[in-house]
Amino acid sequence: MTGWIIFGSILLVLILVLIQSVTVTAVLDKEFMLTVKILCFTLVKLPADPKKKKKKKKKPDKRKRDKNAEGAPADDTGGTDGKPDGGSEETAASGRSGSTGRAKKTKKDGGINFEMIKDYVVSAWPPVKRLFKKIRFRDIYIDYVVGSDDAAKTALKYGGICAAVYSLLEWMKTYFSVKIGEVNIEADFGAEKDDIFVFGRVKLRISTALVCIIWLGVRMLKTYLKYNEKPKKSASRKPAGARR
C-alpha cells in the first residue's frame, strides 16, 4: 500500500509540473533584464544578482608554477637525434592517402538531395507550427520616443521605426498567440537620443512543448528511415534443373 501511495504522489507531482508554464519576462529600459520562471522558482535571471555571484578564484602562486615548469619532463620524440621513428612516416603517408581517398569519395557523393531536404521540412512543419501557436506573448508594452540631433533625421527615423514595429507585431500574430497591452511611438524633435521602454512576457506549457518535441522526433525518424532503409535481399532460388 505504501508503494502505491509513493507512486501516486510522484505521478501527481509530475502531472502538476507538466501542466505548468515556463514564463519568460523581458524588460528593456536602461539595461536589458530577463527572467525565466516555473511557478515561484527562478531558473534564469539576467543580470545576475551581485550577492549571488561566485567569488573569483585565487590565482595560483607564481612560485608554484615555476616549480612545476622546472619539474616537467622534456619532450621525447621517440627517435634518435630528435627525429621521429621511421614508422611514423609510413603512418603519415597512409593517413594522407586515406584522407585523399575519403576526400575523393566525398566529392563524388557530395550531391545535394533536394527531395530529401523537402521531405524533412514538410515532416517538421506540423509540430513546429503547433508549437509556435502554443507560444503565448502577453502584456506587451512598447514606449518608444524617437530623437536625434536633426529634425529631418528624427522624422525619417520615426517613420522607419513605426513601420518596423507594427510590421513585426502583425507578423507575430500570424504564428503566435499575441496579446498587446499598449504600443506608443512618438517623435520628440527636441530630444537628442531615443528613449526606449519595452516589457513583455512569453509563456509555454511544458506538456505542450514535450508533446511537440516527441511528435517532431517521430516524424524525423520516419523520414530518416525512408531514405536510409536498406533494400531487402531477394531470396536465392535454385535453377529448375537442379531440383530433384
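A.B. asks: Hey, could you go over the pattern of salt bridges for me, with residue numbers and the actual values?
C.D. replies: Here the structure, examined in full by the defined rule, presents four salt bridges. Linking K173 and E170 is a salt bridge whose minimum nitrogen-to-oxygen distance equals 3.6 Å. You can see K173 and its partner E170 sitting in helix α5 (residues 151–175), three residues apart, about one turn around the helix.

A.B. asks: Which residues make up a nonpolar patch on the surface, and what are the values?
C.D. replies: On the surface, a cluster of nonpolar side chains totalling about 830 Å² of accessible area is made up of W4, F7, L11, L12, L14, I15, L16 and I19. With respect to the helices, strands and loops of the structure, L14 is situated in helix α1 (residues 2–18). The class for L14 is partly exposed, based on a relative accessible area of 46%.

A.B. asks: Kindly report on the side chain of S21, identifying the contributing residues and their values.
C.D. replies: Structurally, S21 can be placed in strand β1 (residues 21–28). In this structure the side chain of S21 is engaged in a polar contact, spanning 2.7 Å, whose partner is the side chain of R136. Discounting chain neighbours no more than four positions away, the residues touching S21 are K37, I38, R136, K203, L204 and R205.

A.B. asks: Give me the lowdown on the packing of aromatic side chains, citing residues and values where you can.
C.D. replies: Inspection of the entire model under this criterion finds five aromatic pairs. For the ring pair W171 and Y175, a centre distance of 5.4 Å and an interplane angle of 50° mean the geometry is tilted. Taken together, the residues span about one helical turn, with W171 and Y175 both in helix α5 at a distance of four residues. On the basis of relative accessible area, W171 is assigned to the partly exposed category, the value being 46%. Each residue in the set F132, F137, W171, Y175 and F176 is aromatic and connected to the rest through ring pairs, giving one cluster.

A.B. asks: I'd like a description of the pairing of strand β6 (residues 195–205), backed by residues and values.
C.D. replies: With eight bridges connecting them, β1 and β6 associate as antiparallel partners. When the bridges of β6 are listed, T25 appears paired with R201. Relative to β6, strand β4 (residues 136–146) runs antiparallel, the two being bridged by eight bridges. If you follow Y141 over to β6, its bridge partner there is F199.

A.B. asks: Outline unusual backbone geometry, supporting the account with residue identities and numerical values.
C.D. replies: Cis geometry is found at the peptide bond from L46 to P47, where omega equals -5°. Inspection of the secondary structure assignment puts P47 in the loop between β3 (41–46) and α2 (62–70). Look at L39: it is not a glycine, yet its phi comes out positive at around 55°.

A.B. asks: Talk me through the packing of helix α4 (residues 114–134) against α5; I want residue IDs and the actual numbers.
C.D. replies: Remark: α4 packs on α5, axes separated minimally by 8 Å, with the N-to-C direction vectors making an angle of 120°. Taken together, the axis directions place α4 and α5 in an arrangement best described as oblique. Between α4 and α5, the residues in contact are W125, F132 and K133 and K173, T174 and Y175, respectively.

A.B. asks: Could you give an account of the pairing of strand β5 (residues 177–187), with specific residues and numbers?
C.D. replies: Taken together, the nine bridges between β4 and β5 define a ladder with parallel strand orientation. The partner of Y141 across the bridge, within β5, is E182. In terms of handedness, the path from β4 via α5 over to β5 forms a crossover that is right-handed.

A.B. asks: Explain the nonpolar core residue by residue, including any values.
C.D. replies: The biggest cluster of nonpolar side chains holds 14 residues, and the ones touching the most others in it are F137, M172 and I185. Elements that contribute at least two residues to this core include exactly β4, α5 and β5. Excluding residues within four positions of it along the chain, M172 makes contact with F137, I140 and V178.

A.B. asks: Just give me the short version of the environment of V183, but keep the residues and values in it.
C.D. replies: Here V183 is to be found in strand β5. Separated by 41 residues in sequence, V183 and I142 have C-alpha atoms that sit 4.7 Å apart. Sequence-distant contacts of V183, defined by excluding residues within four places in its chain, comprise I142, V165, Y166 and L169.

A.B. asks: With reference to specific residues and values, describe a negative patch on the surface.
C.D. replies: A contiguous patch of negative charge on the surface is contributed by D29, E31, D143, E182, E186, D188 and D195. The residue D29 is located in the loop between β1 and β2 (32–38) in this model. Residue D29 is classed as partly exposed on the basis of its relative accessible area of 39%.

Criteria and cut-off values
- Residues numbered from 1 in each chain as written.
- Predicted model: local features only at pLDDT ≥ 70, side-chain atom pairs only at ≥ 80, totals over all residues.
- Heavy atoms only, no water.
- Salt bridge = Lys/Arg side-chain N within 4 Å of Asp/Glu carboxyl O.
- Helix = DSSP H or I, 4+ residues; strand = E, 2+ residues; numbered from the N terminus.
- Patch = residues over 30% accessible without salt bridge, like charges linked within 9 Å, V, L, I, M, F, W, Y side chains within 5 Å.
- Areas by Shrake-Rupley, 256 points an atom, 1.4 Å probe, with all protein chains shown as cover.
- Buried < 20%, exposed > 50% of the residue type's maximum accessible area, 1.4 Å probe, protein only.
- Polar contact = N/O pair within 3.5 Å; in protein donor to acceptor, adjacent residues only side chain to side chain.
- Contact = heavy atoms within 4.5 Å.
- Phe/Tyr/Trp six-rings, centres within 6.5 Å; stacked < 30°, edge-to-face > 60°.
- Pairing = 2+ DSSP bridges.
- Axes fitted to C-alpha atoms, helices over the stretch in contact; angles between N-to-C directions.
- Parallel < 35°, antiparallel > 145°, perpendicular 65-115°, else oblique.
- Right-handed = clockwise from strand over helix to strand, strands pointing away.
- Core = buried A, V, L, I, M, F, W, Y, C linked by side-chain atoms within 4.5 Å.
- Lys, Arg positive; Asp, Glu negative; His and termini not counted.
- Charge placed at Lys NZ, Arg CZ, Asp CG, Glu CD.

Purely geometric stuff here, so don't read any function into it on its own.
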